[in-house]
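Below, each chain spelled out in residue letters.
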Amino acid sequence: MNNTFYQEILNRQARVEAVPANQAIADWALGLLNLLYPERGCRQEPGATAIEAGFDNRRQQLLAMLNATKACSDCNNEQVAAAFFDALPELYRQMNTDIRAILSGDPAATSEFEVIRCYPGFLAIALYRIAHELLVAAVPILPRILTEYAHSVTGIDIHPGASIGEYLYIDHGTGLVIGETTVIGNHVKLYQGVTLGALSVEKYMANTKRHPTIGDHVIIYSGATILGGDTVVGDNCIIGGNVWLTKSVPAGSVVYHQSVVKITETKKTGHE
């Protein structure tokens, strides 16, 4: 390597905007979840005063992260942090609906404790809900860092800009993708490998709705791909595995991919 290369790296370092480390941002959100759900860690009985202090500490940490983010330098970070924690009881209520959806929907789930401690679907949804609330408050970059952290540890990719209703049930979830402008209703079940994505669009269309709308009480089975901002899946639909869908579906429809599976029995040669 030569001096020109070193200078290029030096110049790049000088251009980097100040943002806290990704792990520090993720640790803040995980710590918040640990306060909301002590099932995630060792049992503690700290008392109401200690719990209140814990949430205040997380609020101060959020404020410090916002202050340390260059893109937030012109924002009222005190107000943003306070508003986020004012909204936290509602976020908690929404997360609890997701827990109940997983517990009631998965025969293998034995308790809320198991869902909270073990299920990647719940972790991905919970971190999405935190990230989405920050995005609604116009916080830059931090929401995307949070959902990409969730993606890295769960295999579930939910953009913080998606709009997701209550009682979301993600079963397994590995390889699931929910795009930025996706709208999902209440009581929706999504299985692994589902893609709620965009048709190929130009960059100038970034601010348009590019991803589908999913109604209430919809089930989408593994490997299904649903694309396009004009694509609407109506209430109470069932989308079968491996379906490729780019057109709207009326409420109450069942859509499935028809394939042919052939089994050929090999002839025995007489030799064991």
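Everything below is about the structure printed above this text.
About the thresholds
- Residues numbered from 1 in each chain as written.
- Predicted model: local features only at pLDDT ≥ 70, side-chain atom pairs only at ≥ 80, totals over all residues.
- Heavy atoms only, no water.
- Phe/Tyr/Trp six-rings, centres within 6.5 Å; stacked < 30°, edge-to-face > 60°.
- Helix = DSSP H or I, 4+ residues; strand = E, 2+ residues; numbered from the N terminus.
- Buried < 20%, exposed > 50% of the residue type's maximum accessible area, 1.4 Å probe, protein only.
- Salt bridge = Lys/Arg side-chain N within 4 Å of Asp/Glu carboxyl O.

Student: Looking at this structure, I do not really get the packing of aromatic side chains. What am I missing?
Tutor: Pairs of aromatic rings are described using the distance from one ring centre to the other and the angle between the two planes. Under the criterion given, the structure shown has seven aromatic pairs. Their ring planes at 50° and their centres at 5.8 Å tell us that Trp 28 and Phe 84 sit as a pair that is tilted. Residue Trp 28 is found in helix H2 (residues 22-36), and its partner Phe 84 is found in helix H4 (residues 77-105); the two are separated by 56 residues along the sequence. A centroid spacing of 5.3 Å and a plane angle of 75° characterise the contact between Phe 84 and Phe 85, whose relative ring orientation is edge-to-face. Phe 85 matches Phe 84 in its accessibility class, with the two residues each being buried. The rings of Trp 28, Phe 84 and Phe 85 are connected pair by pair, giving a single aromatic cluster.

Student: Honestly, the pattern of salt bridges in this entry has me stumped. Any pointers?
Tutor: As a working rule, side chains carrying opposite charge can pair if their charged atoms are close by. Here the structure, examined in full by the defined rule, presents six salt bridges. The closest approach of N and O atoms between Asp 56 and Arg 59, which form a salt bridge, is 2.9 Å. Of this pair, Asp 56 and Arg 59 both sit in helix H3 (residues 48-67), three residues apart, roughly one helical turn. When the shortest N-O distance is used, the salt bridge between Asp 98 and Arg 129 registers 2.7 Å. Residue Asp 98 is found in helix H4, and its partner Arg 129 is found in helix H6 (residues 120-136); the two are separated by 31 residues along the sequence. Both residues of the pair, Asp 98 and Arg 129, count as buried. Through salt bridges with shared partners, a single ionic network connects Glu 90, Arg 93 and Glu 166.

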